[in-house]
Amino acid sequence: MHSPPMEHFLLTLLLSGLALVVALLIPGISVVFGLMGGTAASIISFILPGMFLMEAYAGVTGEENVRSSKQKKLLGQFLVIGGSLIGVLSTGVTVYGLFSPSDGAAVDTSCGGA
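What you see is a predicted model; the values in this text were computed from it and never measured.

Colleague: So what's going on with the overall build of the protein? Residues and values would help.
Modeller: Secondary structure assignment for the protein yields three helices and zero strands. Sequence-ordered secondary structure for the protein, helices as α and strands as β, is α-α-α. For the protein, the residues scored as buried account for 11% of the 114 residues in total. Expressed as a percentage of contacts within the protein between residues at least 6 apart in sequence, the contacts between residues at least 24 apart total 64%.

Colleague: Can you lay out the side chain of Thr-94 for me, pointing to particular residues and giving the numbers?
Modeller: Structurally, Thr-94 can be placed in helix H3 (residues 63-99). Every residue in contact with Thr-94, bar those within four places of it in the chain, is listed here: Val-31, Gly-34 and Leu-35.

Colleague: So what's going on with the confidence of the model for the protein? Residues and values would help.
Modeller: Taken residue by residue, the protein gives an average pLDDT of 83. The fraction at 70 or more is 87%. Mean pLDDT values for the elements of the protein range from 88 in H3 up to 90 in helix H1 (residues 5-25).

Colleague: Which residues make up a nonpolar patch on the surface, and what values do they have?
Modeller: Where nonpolar side chains cluster on the molecular surface, the patch consists of Ile-43, Ile-44, Leu-48, Met-51 and Phe-52 and spans about 490 Å² of accessible area. Here Met-51 is to be found in helix H2 (residues 29-56). Residue classification places Met-51 among the partly exposed positions, given a relative accessible area of 43%.

Colleague: Break down the side chain of Ser-69 for me, with residues and values.
Modeller: Tracing the backbone through its elements, the reader meets Ser-69 in helix H3. The buried category is assigned to Ser-69, whose relative accessible area is 2%. Leaving out residues up to four positions away in the same chain, Ser-69 has contacts with Tyr-57 and Val-60.

Colleague: Run through the environment of Lys-72, naming residues and quoting values.
Modeller: Relative to the helices and strands, Lys-72 resides in helix H3. Considered as a pair, Lys-72 and Leu-53 are 19 residues apart in the sequence and their alpha carbons are 6.7 Å apart. Once you skip the residues sitting within four places of it in the chain, Lys-72 turns out to touch Leu-53 and Tyr-57.

Colleague: Outline the environment of Ala-41, listing residues and values.
Modeller: By the element assignment, Ala-41 lies in helix H2. The spacing of Ala-41 and Gly-87 is 46 residues in sequence and 7.8 Å in space, taken between C-alpha atoms. Once you skip the residues sitting within four places of it in the chain, Ala-41 turns out to touch Met-36 and Phe-46.

Colleague: Pulling in residues and values, what's your account of H2?
Modeller: When the terminal C-alpha atoms of H2 are compared, their 38 Å separation across 28 residues agrees well with the 40 Å that a helix rising 1.5 Å per residue should span. Maximum bend of H2: about 40 degrees, positioned at Ile-43. Here H2 has its buried residues at Val-31, Gly-38, Ser-42, Ile-47, Gly-50 and Leu-53.

What counts, and where the lines are drawn
- Residues numbered from 1 in each chain as written.
- Predicted model: local features only at pLDDT ≥ 70, side-chain atom pairs only at ≥ 80, totals over all residues.
- Heavy atoms only, no water.
- Helix = DSSP H or I, 4+ residues; strand = E, 2+ residues; numbered from the N terminus.
- Buried < 20%, exposed > 50% of the residue type's maximum accessible area, 1.4 Å probe, protein only.
- Contact = heavy atoms within 4.5 Å.
- pLDDT = per-residue confidence, 0-100.
- Patch = residues over 30% accessible without salt bridge, like charges linked within 9 Å, V, L, I, M, F, W, Y side chains within 5 Å.
- Areas by Shrake-Rupley, 256 points an atom, 1.4 Å probe, with all protein chains shown as cover.
- Salt bridge = Lys/Arg side-chain N within 4 Å of Asp/Glu carboxyl O.
- Expected span 1.5 Å × (residues − 1).
- Bend = angle between axes of the 7 residues up to and from the residue.

And the structure:
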């Protein structure tokens, strides 16, 4: 199923324009890495495995298997909910760091500490 060329053109223009606006507004690449890292890591590490686990045990039959599948589904739900919380918190920390005022108290990371 193909989309009309004009729809494809407008969608590409919109995405390119949004990317340009974001690139102009964000002060440094570290913010982009923080946002992408927090969301991608939680999705890849927690949310997707939990969803795959729930899907794998969705249509299990048999008394013993049903009991085991309920535990696996519960574990999958725990992974999805926990991963979502981790993603939201890491994104919140990155956004908070972007807008919070710096107090100027830099941490000395040099070897001498003088």
